[in-house]
Amino acid sequence: MGAAMRRIHVGNALSAFGLGFTVPYLYVYVAQVRGLGAMTAGLVLAVFAVAALIVLPFAGRAIVRRGPLPVLLAALVTAALGALSLGLAGNAVAVLLSAAALGAGQAVMQPTLATMIVDCSTANTRSRAFAMQFFLQNLGLGVGGLIGGHLVDTTRVSSFTLLFAIEAAMFLLLVVVMATVRMPHSPQMADAPSASAKGGWKRLLGNRAMVQLCVLGFVMFFACYGQFESGLSAYGVEAAGISTSALGTALAANTLVIVVAQFAVLKFVERRRRTRVIAGVGLIWAVAWLAAGYAGLGHGSQEMATAAFVSTYALFGLGEAMLSPTVAPLVADLAPEGMAGQYNSAFALVKQLALAVGPAVGGPLGASLHAPYIVTFLLFSLGITVLALRLGRRLTVAQDQPWAAARSSRVVARGEASAEPVAAEA
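These numbers come from a predicted model, not from an experiment.

Cut-offs and rules
Residue positions within a chain follow its written sequence, with the count starting from 1. Whole-chain, interface and lining totals are the exception, using all residues; otherwise, since this is a predicted model, local features are given only for residues with pLDDT of at least 70 and side-chain atom pairs are given and counted only at 80 or more. The basis for every side-chain value is the complete set of non-hydrogen atoms in the structure, without hydrogens or water. Each patch is built from salt-bridge-free residues with over 30% relative accessible area, joining like charges within 9 Å and nonpolar side chains (Val, Leu, Ile, Met, Phe, Trp, Tyr) within 5 Å. Only the protein chains shown count as covering a residue, and every accessible area follows the Shrake-Rupley method with a 1.4 Å probe. For this document, the term salt bridge refers to a Lys or Arg side-chain nitrogen within 4 Å of an Asp or Glu carboxyl oxygen. Under the convention used here, Asp and Glu are negative, Lys and Arg are positive, and both His and the chain ends fall outside the count. Every charge is mapped onto a representative atom, which is NZ of Lys, CZ of Arg, CG of Asp or CD of Glu. Each helix corresponds to a stretch of at least 4 residues labelled H or I by DSSP, and each strand to a stretch of at least 2 residues labelled E; elements are numbered beginning at the N terminus. Using a 1.4 Å probe on the protein chains alone, a residue whose accessible area is under 20% of its type maximum counts as buried, one over 50% counts as exposed, and one in between counts as partly exposed. Polar contact is the term for a pair of N or O atoms within 3.5 Å; when the atoms are in protein, one must be able to donate a hydrogen and the other to accept it, and sequence-neighboring residues count only if both atoms are side-chain atoms. Pairs of residues are marked as contacts when any of their non-hydrogen atoms sit within 4.5 Å.

### Some points on a positive patch on the surface
- A cluster of basic residues, Arg208, Arg390, Arg393 and Arg394, forms a positive patch at the surface.
- Its location among the elements puts arginine 393 in the loop between helix 17 (370–392) and helix 18 (397–400).

Right under this line is the structure:
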């Protein structure tokens, strides 16, 4: 890795570390510690999603026009102010406004950091770079949540203020780190495509492969990430009788599998067609939903139900580890030159939509309609496999099998090099 890539990875780790301090405790902080009730706490979570949906369409264009680094620095300052004000807010209006700032800044960080990784990597190194990003994000979230859990005290508002202050400090430290990054190419106004913002979105929507990938991404995020802390946890508690400690164990198993398996599966994934890897993830997640079905609908002991439920989260983690070096590089390879920021923002927008809709659908379904819940998301997982295989028919070799395309290029280059002396002799 070059110096720029190392700083980008440090940035990913710091941002995840800061978020880990507050994300698990946000609901408790608003509803109980500040005494604003469950309704306001729910609105805060909704504001995060709404803020992301509002800013992401503009973020993509800004990245294309200004380059990812200035946009990232603005997002970090916004998020730092939002986090600090959220820790000090004492009424509903202040809490909601602070959450909007934090949510907007946090949402813009994702596509900017992804675009910086694209700019600092090649087709051959991109999968490994995104795998490292995902690894550090999960490690940072886990460590931040662990430390935050030991610092927080629901009887003291000041302990939560400290958590939000630490989060803000991490964002500001990241501003200092990222300000030293020297990007290999930082697009200026003159370098940006001359089309309007509306034309940029029209061009993106005209890319049939990208549209299919966005549909596939929505299904993936809806069927997995959108269920982690909503429908699946509600199903586990209501149908399988899972205790809160067992639920925590399941979440820990998910993170542990990602951290342990990320680089173990990387070599396997790098040498396979990307769409085949995604199709395989759909099958793995289908098995995960079958395990969840056994946990809640089977007739085994409570120990067996708990083991099956923990296995569900572990299998989800294995699928996530396979997707991280696959999906994000594919988004980058589908983007025309100079448009990576807009494509990354569009895919982040799809992710936010799925994360907003997923809990709204899965929560009530998982809590009350147990068998339909399992069947629904089992079918969604199988749908991932079908959509991935269909997408593979539309991709070029360079997009679906970059390692094969690179190998062919090297063979051609060697052939041309060996032919030059012959031509000279002639």
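### A word on the side chain of serine 121
- Tracing the sequence through the fold places serine 121 in the loop between helix 5 (92–119) and helix 6 (126–151).
- On the accessibility criterion, serine 121 (10% relative accessible area) is buried.
- Looking at serine 121, its side chain comes within polar contact range of the main-chain oxygen of isoleucine 117, at 2.7 Å.
- Of note is the side chain of serine 121, whose polar atom sits 3.1 Å from the side chain of arginine 126.
- Here serine 121 is in contact with Met5 and Arg126, once residues within four sequence places are set aside.

### Looking at the pattern of salt bridges
- Counted by the stated rule, this structure contains three salt bridges.
- Taking the shortest distance from any N to any O, the salt bridge between arginine 126 and aspartate 333 comes out at 2.8 Å. Residue arginine 126 is located in helix 6, and its partner aspartate 333 is located in helix 15 (residues 327–334); the two are separated by 207 residues in the primary sequence.
- With relative accessibility at 9%, the residue arginine 126 sits in the buried group.
- Between arginine 273 and aspartate 400 there is a salt bridge whose closest N-O contact spans 2.9 Å. Of the two residues, arginine 273 sits in the loop between helix 12 (266–270) and helix 13 (274–297) while aspartate 400 sits in helix 18, which places them 127 residues apart along the sequence.

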